[in-house]
Amino acid sequence: MLHHISLGVSNIERSAAFYDATLAPLGYVRVWDDLRPGEPDQAVGYGPPGGGDKLAIKFRPKGQRPPGPGFHLALAAPDRQSIARFHAAALAHGGKNNGGPGPRPDYGPHYYAAFVIDLDGHRLEAVFNAPE
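Below you will find a few notes about this structure.

What counts, and at which threshold
- Residues numbered from 1 in each chain as written.
- Predicted model: local features only at pLDDT ≥ 70, side-chain atom pairs only at ≥ 80, totals over all residues.
- Heavy atoms only, no water.
- Salt bridge = Lys/Arg side-chain N within 4 Å of Asp/Glu carboxyl O.
- Helix = DSSP H or I, 4+ residues; strand = E, 2+ residues; numbered from the N terminus.
- Buried < 20%, exposed > 50% of the residue type's maximum accessible area, 1.4 Å probe, protein only.
- 1 Å grid on protein atoms, 1.4 Å probe; cavity = no way out; pocket = protein on both sides within 12 Å on 5 of 7 lines; lining within 4 Å.
- Points joined across faces, edges and corners; volume = space filled by probe spheres on them.
- Nonpolar A, V, L, I, M, F, W, Y, C, P; charged D, E, K, R; others polar.
- Pairing = 2+ DSSP bridges.
- Axes fitted to C-alpha atoms, helices over the stretch in contact; angles between N-to-C directions.
- Contact = heavy atoms within 4.5 Å.
- Expected span 1.5 Å × (residues − 1).
- Arc of directions from axis to C-beta.
- Polar contact = N/O pair within 3.5 Å; in protein donor to acceptor, adjacent residues only side chain to side chain.

## Quick word on the pattern of salt bridges
Next, step 1: Going through the model one piece at a time under the given rule, you end up with five salt bridges.
Next, step 2: E39 serves as the salt-bridge partner of R36, at 2.6 Å between the closest nitrogen and oxygen.
Next, step 3: Residues D41 and R60 are paired through a salt bridge, measuring 3.6 Å at the closest nitrogen-oxygen approach. Note that D41 is positioned in the loop between β2 (29-34) and β3 (43-47) and R60 in the loop between β4 (55-59) and β5 (73-76), a separation of 19 residues in sequence.
Next, step 4: Exposure remark for R60: the relative accessible area of 34% places this residue in the partly exposed category.
Next, step 5: Connected through salt bridges with shared partners, the residues D20, R30 and D33 form a single ionic network.

Below, the structure is given as structure tokens:
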């Protein structure tokens, strides 16, 4: 249903470093960027290697706010181990813990996830939902 989603960020260089590190364990990479220090409308796109972007971060230094309560972005993980690496990378790059790696039986018998908050307050989840 969704083609891609964009998130506004207040510091594109810092956020790009966060997303480069945090998305790598899930198998997602920077697929394009338009970085021009000091200029408006900079952005970075992420997706599977060799593919198009599914997530973009866009430089919005003024008035940038994350969506309100109830919104989060759930990212597919290839396995449970990648979720632990996602969580650790997010925390190492300035993210906040919002629920460590582990099973979430209330969401289903095989649901395994971790939750973080990025540098601008966007809520992110990495999820693996299959028997392992």
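## Comments concerning the layout of surface pockets
Next, step 1: For the largest pocket, the calculated volume is near 290 Å³.
Next, step 2: The wall of the largest pocket is formed by 15 residues, among which K54, L55, L73, A74 and L75 lie closest to the centre.
Next, step 3: Going through the elements one at a time, β3 and β5 are the ones with two or more residues in the lining of the largest pocket.
Next, step 4: Taken together, the residues of the lining of the largest pocket sort by class into 11 nonpolar, three polar and one charged.

## Considerations on the sheet that holds strand β1 (residues 5-9)
Next, step 1: In spatial order, the strands read β1-β4-β3-β2; together these four strands make up an open sheet with mixed pairing. Lying at the two open borders of the sheet, with one neighbouring strand each, are β1 and β2. Averaged over all pairs of adjacent strands, the angle between strand axes in this sheet comes to 20°, irrespective of strand direction.
Next, step 2: Sitting on the sheet, helix α1 (residues 12-23) is in contact with β1, β2, β3 and β4, with an inclination near 165° to β4.

## Observations regarding helix α2 (residues 80-92)
Next, step 1: The first and last C-alpha atoms of α2 sit 19 Å apart over 13 residues, in line with the 18 Å expected at 1.5 Å per residue.
Next, step 2: Along α2, the residues that are buried comprise S82, I83, F86, H87, A89 and A90. Seen along its axis, α2 keeps its buried residues to an arc of 165°; they face one direction.
Next, step 3: Looking at the buried residues of α2, the elements they touch are α1, β5, β6 (96-97), β8 (111-117) and β9 (123-129).
Next, step 4: Near the N-terminus of α2, the side chain that reaches the backbone nitrogen of Q81, with its oxygen 3.3 Å away, is that of D79.
Next, step 5: G94 sits one or two residues past α2 and shows a positive phi near 100°.

## A short note on the environment of A56
Next, step 1: With respect to the element layout, A56 can be found in strand β4.
Next, step 2: Its relative accessible area of 1% is what places A56 among the buried residues.
Next, step 3: The residues touching A56, leaving out its near neighbours within four places in the chain, are I5, S6, L7, W32, V44 and G45.

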